[in-house]
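# A closer look at the structure
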Amino acid sequence: MKIEKAYQLAREMYAGYGVDTANALKRLAGIRISLHCWQGDDISGFSARGGSSSGGEPSRGNLGGVLPTGNYPGKARTPEELRSDLAKALGLIPGRHRVSLHSIYAETKARPADRDELAPDHFAAWVAWARTHKLGLDFNGTFFSHPLAESGRTLSHPDRAVRRFWIDHARACRRIGAFMGRQQKTPCVTNIWVPDGSKDTPADRKAPRELLKQSLDEIFKEKCRPAHNLDSLEGKLFGLGSEAYVAGSHDFYLAYAVAHRKLLCMDTGHFHPTESVADKLTAVLSQLDQVLLHVSRGVRWDSDHVVTLTDDLRSLAEEIVRGNYLQRVYIGLDFFDASINRIAAWVIGARAMLQALLIALVEPTDTLRQMELKGDFTARLALMEELKSLPFGAVWNYYCLQQDVPPNHAWMREVKAYETAVQFQRR
Ligand code: RNT
Ligand code: ZN
């Protein structure tokens, strides 16, 4: 009742600025976020080190600098546990969404397979689960946590045999992605991120990049229907163990994506801290058809903290909405915090992303643009400031009610109950 009352007042306030909140909520309900499965188990996977998932903790090997820290109890240990935790999280996030898998989440017990032999049947249980829960699936190759990634080089490895293995892995991933896309009738975005780089000043920056390019060309030789699978490429500035040089940098993949009509994946943790991914959207989308976002929160570095409602996140959402890019920007999340409840981490991050989008959707953009066109920058600045204190929270809570999920922080009670009954029972 209180929530409805607050919403009515908020609706009138926004209407005063020419904004229709009901329409904004309708648009928000159409946005699908891709929730990354790896927050649920600290990127352990079920088959991290090649071959069979023989039970127990798989040896993790070189994580490629992707490093979850913390040991909050209750992490998911099996596919069933991970799916149950994901379902719990998704039940606390308003709207209908997607789940992003990594290849190490394959279920290989029945038919052991190394990364280069993975096939759609290893993901049959995920596909069936996604169908039951009306979720879309996205996919990621896993070019780390494997003996053949130990050197820190994969697709750019100087040894042809090692490159071949990773090329075959990427090709297997695309087939799996296409299978998922066909099943779910929306394209699966299959992302490639490789850790390849060098800890210290390399003598040769050129060869690894040329090899990486060759490998990508080979991977993409086999054509995929865009209705089933979309390829995306994720660059990075630096990583743990690749501080001096990263072969797959942003520039490298931007050039590749433009030349080969691929999706560019921009991870918000993968740039200089003062660089703005929000600003990059209009730049790259002036020439690319689509991009994938890995929304993360870097604290001082690419630390993959849980996404929160920061100014950066708000700017990013503003640019997506202002540019009318909701059909061209795939929004994926990418963070991993093992020091707090992992389900709560998902819920906090996804709700923050959606809140940022809601704030952008209730912006009187046309009014701001008119001011800008007239050269009235004083009024533009004044209005931008004023908008910050409008009651978007009242609209958000109403949206949660509409979507039948707990408003406010009421969702935390559900996480606590699940934590006691389920997660803390895992030993
Ligand atoms: C690594 C990339 C990559 C990974 C995930 C696990 O820096 O961000 O996307 O975080 O694939
Ligand atoms: Zn990422």
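Just so it is clear, the model here is predicted, and its values are computed rather than measured. (Residues numbered from 1 in each chain as written. Chains lettered and ligands numbered in written order. Predicted model: local features only at pLDDT ≥ 70, side-chain atom pairs only at ≥ 80, totals over all residues. Heavy atoms only, no water.)

The coordination sphere of the zinc ion (ligand 2) contains the protein donors E234 (OE), D267 (OD), H294 (ND1) and D334 (OD), at a distance range of 2.1 to 2.2 Å. The coordination sphere of the zinc ion (ligand 2) comprises 6 donor atoms, whose angles at the metal cover 71 to 170°; the geometry is octahedral. Binding-site remark: the zinc ion (ligand 2) is held by donors from one chain whose sequence spacing is E-x32-D-x26-H-x39-D. Here D267, found in strand β8 (residues 263-267), pairs with D334, found in the loop between β12 (329-333) and α10 (342-361); they are 67 residues apart in sequence, far enough to count as distant. The pair D267 / D334 is uniform in exposure class, with both members buried. (Donors = N, O, S within 2.8 Å, 3.2 Å for Na, K, Ca; no water. Tetrahedral: all angles 85-135°; square planar, octahedral: opposite > 155°, others 65-115°. Helix = DSSP H or I, 4+ residues; strand = E, 2+ residues; numbered from the N terminus. Buried < 20%, exposed > 50% of the residue type's maximum accessible area, 1.4 Å probe, protein only.)

Per the stated rule, a full pass over the model turns up 0 disulfides. C265 carries a free sulfur, and the closest cysteine sulfur to it, the one in C188, is 13 Å from it. Given a relative accessible area of 2%, C265 falls into the buried group. (Disulfide = S-S within 2.5 Å.)

Once that is clear, we can look at the site of ligand 1. For ligand 1, the full set of nearby residues is W38, V66, H102, W193, E234, K236, D267, H270, H294, D302, D334 and F336. K236 places a side-chain nitrogen or oxygen 2.6 Å from an oxygen atom of ligand 1. Residue H294 places a side-chain N or O atom 3.1 Å away from an oxygen atom belonging to ligand 1. Coverage of ligand 1 by the protein amounts to 99% of the 300 Å² it exposes when considered alone. Looking at the shell around ligand 1 residue by residue, the classes come out as 4 nonpolar, 3 polar and 5 charged. (Near = heavy atom within 4 Å. Polar contact = N/O pair within 3.5 Å; in protein donor to acceptor, adjacent residues only side chain to side chain. Areas by Shrake-Rupley, 256 points an atom, 1.4 Å probe, with all protein chains shown as cover. Nonpolar A, V, L, I, M, F, W, Y, C, P; charged D, E, K, R; others polar.)

Looking at chain direction, strand β10 (residues 297-299) and strand β11 (residues 301-305) are connected through 2 bridges and run antiparallel. Of the residues in β11, the one forming a bridge with R297 is H305. Connecting β10 to the antiparallel partner β11 that follows it, the hairpin turn spans 1 residue, and R300 within it adopts a positive phi of roughly 70°. (Pairing = 2+ DSSP bridges.)

Around the barrel, which closes on itself, the 8 strands sit in the order β1-β2-β3-β4-β6-β8-β9-β12 with parallel pairing between neighbours. Neighbour-to-neighbour, the strand axes of this sheet turn through a mean angle of 30°, independent of strand direction. Relative to strand β9 (residues 291-295), β8 runs parallel, the two being bridged by 4 bridges. Residue pairing for β9: C265 is matched across the bridge by L292. (Axes fitted to C-alpha atoms, helices over the stretch in contact; angles between N-to-C directions.)

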